[in-house]
Each structure stands twice: as C-alpha cells, then as structure tokens.
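# Secondary and tertiary structure notes
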Amino acid sequence: MLDFDTELKQRLDSIRQQGLFRELRRMDSPQGPRLQHNGRELINFSSNDYLGLANHPALTEAAIQSVKRFGAGSGASRLICGSLAPHHELEEALAAFKGTEAALTFSSGYAAALGAIPALLGRDDVVILDKLVHASIVDAARLSGAKIRIFAHNDLNELEEILKWSRNNPQPPISGSQRPKNVLVVTESVFSMDGDHAPLAEMVALKDKYGAWLMVDEAHATGLYGQYRRGLAEALGVSESIEIQMGTLGKALGASGGYLCGSRTLIDFLVNRARSFIFSTAPVPAAAAAAQAALQLVQSREGATRCEQLWQQVQVVGDDFRKLKLSPQESLPRLTSSPANATKPGAIIPVIIGQEAAAVTVATELRARGFLIPAIRYPTVARGSARLRITLTAAHNATEIAQLTAALADIFSHQS
Ligand SMILES: *Cc1c(COP(=O)(O)O)cnc(C)c1O
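## Considering the overall build of the protein chain
In terms of regular secondary structure, the protein chain is built from 16 helices and 14 strands. Against the 2.2 N^0.38 benchmark of 22 Å for 416 residues, the protein chain shows a C-alpha radius of gyration of 22 Å, consistent with a compact globule. Counting only C-alpha atoms and orienting by the principal axes, one finds that the protein chain spans roughly 65 × 55 × 55 Å. Expressed as a percentage of its 416 residues, the buried residues of the protein chain come to 51%. For the protein chain, contacts bridging at least 24 residues in sequence account for 71% of all contacts bridging at least 6. Just so you have it, the protein chain exposes about 19,400 Å², and 53% of that area is on carbon and sulfur atoms.

Structure, rendered in structure tokens:
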C-alpha cells in the first residue's frame, strides 16, 4: 500500500511541477452568477449554465414533482425496467425540439459520445476528428477501434485531403467482415474552450461529396443558436444533412444528461448497440423531468428573452474588452483576443495566457478580487495555451460585467 501511495505521490509532484495540479473547490450554494465558497461570495464567470436555468424554479419544481411521482431512483437500466415515463416524455420533447425523427438520452454527454461512436464504427472504419474536439469524442473514437485521423482546427482543406485519402485507400477489412468501410467525421459546432464555430455548411458539402457520415456535438450551442434555439446546425440550415446530432442537457438546458438525435433507425440501432446506454442504470427521473422543463422554457417567450439577454452581455463584454488597452510584455501574461472571437463573439470568451503557472496566477488574483474563473490548462487545452475561459450567462448583470472588466484591466496593468 505504501509503495502504491509513494508512486502516486511522485506522479502528483510531477503534475504540480508542470503547473497542472487541480483540486476540487466546494461551492455551498446553487449554481448562478454568485456562488458561496469558503464563507465568501464569488462572482462566477465560469459556468456553462448559459441561460441561467440550473436553479430556475420551472426546472426545480419539475424535478420535485417527478420525484414525488416516480421516486428518487430509476431501479435498473432502460432496457430492463428503468425506462420511466419521464425518460420517454423527454425524448419525445427532444426530438420535437430538434426537428428529428427520434432522440435518445444518456446519463451524460460523455456517455452519449462513448455510446454512439463505438456502436457505429469498428476496426475497418475511419473516424476523422477536428483537432479541438472534446475529450469524450476522442475517447469514444479510441474505444471504437476505428482508424483515427485528425485535421487542423476548422481546416476544410485538410479535412478534404483526409476524406480523399480514406476513399482512395480502402483498407482490407481487418476483421474479415464484408461490409463496406465507413467514414465518420466528428466536430463540435461551437468549440468548448475557444468559443469559435465549425464551418458546418462546408463540412456537410464535403461529407456528402465523399460519402461520409457527420456527427456534430452541439454541447455549447443547444438552446442558444438558431430561430428555435436548436443549435448552430439550425442557424446554418444544415440540421437535416447531419446523420448524428449530439448534445448535453447539462449546459444551456441547466439539467443533466446527454442526447443523440437523428433518424428513428439511428435511435433503434443505438438502443441495441450503444453500450454506455445498455449497461448503465437509467438517469434519475428528476434529471429527465428537469431537462424536459428546460426544453419547454427554451422554446417559450422567456427562453427567447433569456437568449437575447445573453447576446446583449456578449455585446457589452466584447466592447469592454476592445477598450482594454493592455500592453503585452515578454515573459508576463498577455491578454490576447482569439481571432475567431474577434469575428464571431459568443458566450465563451477565451483569454489566452500561455504558460500554465501564469494562468494559475491570474486566476488566483481574480479569486482574491472575488471572481471565480479557474485557469484552463492541459489536458483540457494544449500545453502552452493555458487560458482563462470567461463564460457569460443570461443571469449576469451589467454591474458584475463592469466589475470583471475593471478587475482584468487592473490585474494585467500591474503585470506589465
Ligand atoms: C461538456 C461537454 C460534453 C460532455 O457533456 P456532459 O453532459 O457534461 O457529460 C461533450 N462535448 C462537449 C463539447 C462538452 O463541452
């Protein structure tokens, strides 16, 4: 046992030396723009609760009612006896919201990715990923056993090169099966750590040209983009051309769980083959009910208003940040606005700092000033691209945003 702990302590020391040590911070309040931590209030600019729904009365009340009717637990996996009415109602509401034939929910977005890709692909297939896709997609791709090819972030030329390669170099089936080799392209729509957008229309054209399938992870777009707030695919008018639409119920929708939307056939197939769905206890009824209430809310007048509020915050912060005159200095943290965000502002604002230790220093200074914006480091982003990931929500007010801008200006001016 001692040897075991000694070994792990050494590994932890190495993590610390690289400025990569992480620890949990306990919050003693519900999610919102202000959190209680260690007996003090922090202004929170780090959550994915973009519409401020996580503690909304419509969601909490739906969860309570569902607990009263269906209990706390779901008893078994969906295919045994855990497929409760709230799960079915949620999936019907989700398919209607997304405009697809059917939907399937999972205990998390991570589980949705892990269920879908290994169900759809095997060793004779190819999976093509954007360099910046989420860890859940990378892990799912690895688990599938398919050949993994990566294209530079949003680089359509490189994507096309890989598509050409996979068409022109059919590999002999390793497993001896006779079925044709399939090619799946996977991207996020709005990227989680950079906030920029995938060129979905061009990607649809490419995957159609080369006979590939497309899976789009709308984790940071569901509830926020498009006339009906279905996601970026709706905003760009390409939903119907995407074979697999993935997302989470835990971000703008304020609840918990993951989903996959598409044809009835896709969903029937996943029920039979997605192992993270089959071999896992069904989510608690409260989670499904809260997510369904969130879908209703997002599609209501209030949902539209909250979305407008969010885009107003985005506008204000964009203007404020442009006014911040910060002089970059060597070996000190630098505030650089990402080019992608300069053209397409969104709720995710990365402030790239670079060195891991420097990012931690800035995050600590922000915390001392009453702001919660943890440093995002490797392995969440590439080494040397550590950042503050500032996220806005509909629930923030103008004062909080002004205070944030002032704090950042102060911190960066002291460092230069
Ligand atoms: C958060 C996230 C997921 C995972 O969803 P969870 O419901 O949190 O498990 C998947 N993809 C992306 C891009 C994410 O940001």
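Resuming the write-up.
## Digging into the site of the ligand
Close to the ligand lie 14 residues, the nearest being Gly-109, Asp-217, His-220, Thr-248 and Lys-251. Separating a nitrogen atom of the ligand from a side-chain N or O atom of His-134 is a distance of 3.4 Å. A distance of 2.7 Å is found between an oxygen atom of the ligand and a side-chain nitrogen or oxygen belonging to Thr-248. Of all the secondary-structure elements, those providing two or more residues to the shell around the ligand are α5 (109-120) and β8 (244-248). Of the residues assigned to the shell around the ligand, the class counts are three nonpolar, eight polar and three charged.

## What about the domain arrangement of the protein chain?
Size of an interface, as often reported, equals the accessible area lost when the parts are brought together. Each domain of the protein chain was delimited in the assignment, giving domain 1 (25-54 + 303-415) and domain 2 (57-298). Considering only the surface of domain 1 that becomes buried against domain 2, Tyr-50, Leu-53 and Ile-348 emerge as the three largest contributors, covering 27% of it. Connecting domain 1 to domain 2 are one salt bridge. Two residues, Arg-387 and Asp-194, come together in a salt bridge whose shortest N-O distance is 3.1 Å. Seen at the junction of domain 1 and domain 2, the total is six residue pairs in polar contact (both at pLDDT 80 or more). Elements represented by at least two residues in the side of domain 1 that touches domain 2 include exactly α13 (301-323), α14 (339-343), β11 (348-354) and β14 (386-391). Considering each element in turn, the side of domain 1 that touches domain 2 owes the most residues, six residues, to α13. Here the residues of the side of domain 1 that touches domain 2 sort into 13 nonpolar, five polar and five charged.

## Section: the confidence of the model for the protein chain
The predicted model of the protein chain averages 92 in pLDDT, with 92% of residues at 70 or higher. Taken as a whole, residues 326-343 scores under 50 in pLDDT and shows 32 contacts with residues more than four places along the chain or in a different chain.

## Notes on the environment of Lys-147
Within the secondary structure layout, Lys-147 lies in strand β5 (residues 147-151). When the C-alpha positions of Lys-147 and Gln-312 are compared, they lie 43 Å apart, and in sequence the two are 165 residues distant.

## Focus on the packing of α5 against helix α10 (residues 264-273)
Where α5 contacts α10, the axes come no closer than 10 Å and their chain directions differ by 95°. Taken together, the axes of α5 and α10 lie roughly perpendicular to each other. Contacts between α5 and α10 involve Ala-116, Ala-119 and Leu-120 from the first element and Leu-266, Phe-269, Leu-270 and Arg-273 from the second. When grouped by side-chain class, the residues that make up the contact of α5 with α10 number six nonpolar, no polar and one charged.

## Considerations on the packing of aromatic side chains
Counted according to the given criterion, the structure contains three aromatic pairs. Here Phe-106 and Phe-277 contribute two aromatic rings whose centre-to-centre distance is 5.7 Å and whose plane-to-plane angle is 65°, an arrangement assigned as edge-to-face. Of this pair, Phe-106 sits in strand β3 (residues 102-106) while Phe-277 sits in helix α11 (residues 275-278), and the two are 171 residues apart along the sequence. Phe-277 matches Phe-106 in its accessibility class, with the two residues each being buried.

## Points about the sheet that holds strand β4 (residues 126-130)
Adjacent strands of a sheet pair through backbone hydrogen bonds, lying either parallel or antiparallel. The mixed open sheet is built from seven strands, whose spatial order is β3-β9-β8-β7-β6-β4-β5. On the outer flanks of this sheet lie β3 and β5, each paired with one strand and no other. On average, adjacent strands in this sheet sit at an angle of 20° to one another, irrespective of strand direction. Pairing analysis gives five bridges linking β4 to β5, with the strands arranged parallel. Note on β5: the bridge partner recorded for Asp-130 is Phe-151. Where helix α6 (residues 135-144) meets the sheet, its contacts fall on β4, β5, β6 (183-188), β7 (213-217) and β8, and the angle it forms with β4 comes to roughly 165°. Across the sheet, helix α7 (residues 156-168) lies against β4, β5 and β6, angled at about 155° from β5, the strand it touches most.

## A few points about helix α1 (residues 2-17)
Across its 16 residues, α1 extends 22 Å between first and last C-alpha, which sits within 8% of the 22 Å expected from 1.5 Å per residue. Backbone geometry just downstream of α1 places Gly-19 in the positive-phi region, at approximately 70°.

## Points about α5
With 12 residues, α5 should cover 16 Å at 1.5 Å per step; its first-to-last C-alpha distance of 17 Å lies within 8% of that length. Most of α5 sits out of view: nine of its 12 residues are buried. Within α5, the full set of buried residues consists of Gly-109, Ala-111, Ala-112, Ala-113, Gly-115, Ala-116, Ile-117, Ala-119 and Leu-120. For α5, the N-terminal cap is Ser-108; the gap from its side-chain oxygen to the backbone nitrogen of Tyr-110 is 3.4 Å.

## Observations concerning unusual backbone geometry
Cis geometry is adopted by the peptide bond preceding Pro-379, which originates at Tyr-378 and carries an omega value of 10°. With a phi close to 55°, Asn-38 is a non-glycine residue in the positive phi region. Looking at the element boundaries, Asn-38 is found in the loop between β1 (34-37) and β2 (40-44). Residue Asn-38 is classed as exposed on the basis of its relative accessible area, which comes to 68%.

## Quick look at the environment of Val-138
Checked against the element boundaries, Val-138 lands in helix α6. Look at Val-138 and you get partly exposed, because its relative accessible area is 22%. Taking the C-alpha atoms as reference points, Val-138 and Ser-166, 28 residues apart in sequence, are found 19 Å from one another.

What counts as what
- Each residue is numbered by its place in its chain's sequence as written, counting from 1.
- It should be noted that, the model being predicted, local features are given only for residues of pLDDT at least 70 and side-chain atom pairs only at 80 or more, the latter also being counted only at that level, while totals for whole chains, interfaces and linings use all residues.
- Processing note: side-chain calculations cover all non-hydrogen atoms of the structure and skip hydrogens and water entirely.
- The way it works is that DSSP assigns letters per residue, a run of H or I at least four long becomes a helix, a run of E at least two long becomes a strand, and they are numbered from the N terminus.
- With C-alpha atoms as the basis for the radius of gyration, the globule rule is written as 2.2 Å multiplied by the number of residues raised to the power 0.38.
- Burial here depends on accessible area, computed with a 1.4 Å probe over protein chains only, as a share of the maximum for the residue type. Under 20% is buried, over 50% is exposed, and the range in between is partly exposed.
- When checking whether two residues touch, look at their non-hydrogen atoms; a contact exists if any pair is within 4.5 Å.
- Calculation of accessible area relied on Shrake-Rupley with a 1.4 Å probe; when residues are assessed, cover is drawn exclusively from the protein chains displayed.
- One heavy atom suffices: a residue is near a molecule or strand as soon as one of its heavy atoms comes within 4 Å of it.
- In protein, a polar contact requires one atom able to donate a hydrogen and another able to accept it; more generally it is a pair of N or O atoms within 3.5 Å, and residues adjacent in sequence count only if both atoms are side-chain atoms.
- Basically, the charged four are Asp, Glu, Lys and Arg, the nonpolar ten are Ala, Val, Leu, Ile, Met, Phe, Trp, Tyr, Cys and Pro, and anything else, Gly included, counts as polar.
- What counts as a domain boundary in this text is fixed by an automatic or database domain assignment.
- The buried area of a pairing is the accessible area, by a 1.4 Å probe, that goes missing from both parts when the two are put together, added over both.
- Each reported salt bridge corresponds to a side-chain nitrogen of Lys or Arg within 4 Å of a carboxyl oxygen of Asp or Glu.
- Each residue gets a pLDDT score, which is the predictor's confidence in that residue and runs from 0 to 100.
- In this description, a line fitted to the C-alpha atoms serves as the axis of each element, helices being fitted only across the stretch in contact, and the angle between N-to-C directions of two axes falls anywhere from 0 to 180 degrees.
- Here the angle decides the label: under 35 degrees means roughly parallel, over 145 means roughly antiparallel, 65 to 115 means roughly perpendicular, and every other value means oblique.
- Stacked, tilted and edge-to-face are the three classes applied to pairs of Phe, Tyr and Trp rings, where Trp contributes its six-membered ring and a pair requires centres within 6.5 Å; stacked means planes under 30 degrees apart, edge-to-face means over 60, and tilted covers the rest.
- Think of it this way: DSSP has to see at least two bridges between two strands before they count as a pair.
- A helix is expected to span 1.5 Å for every residue after the first.

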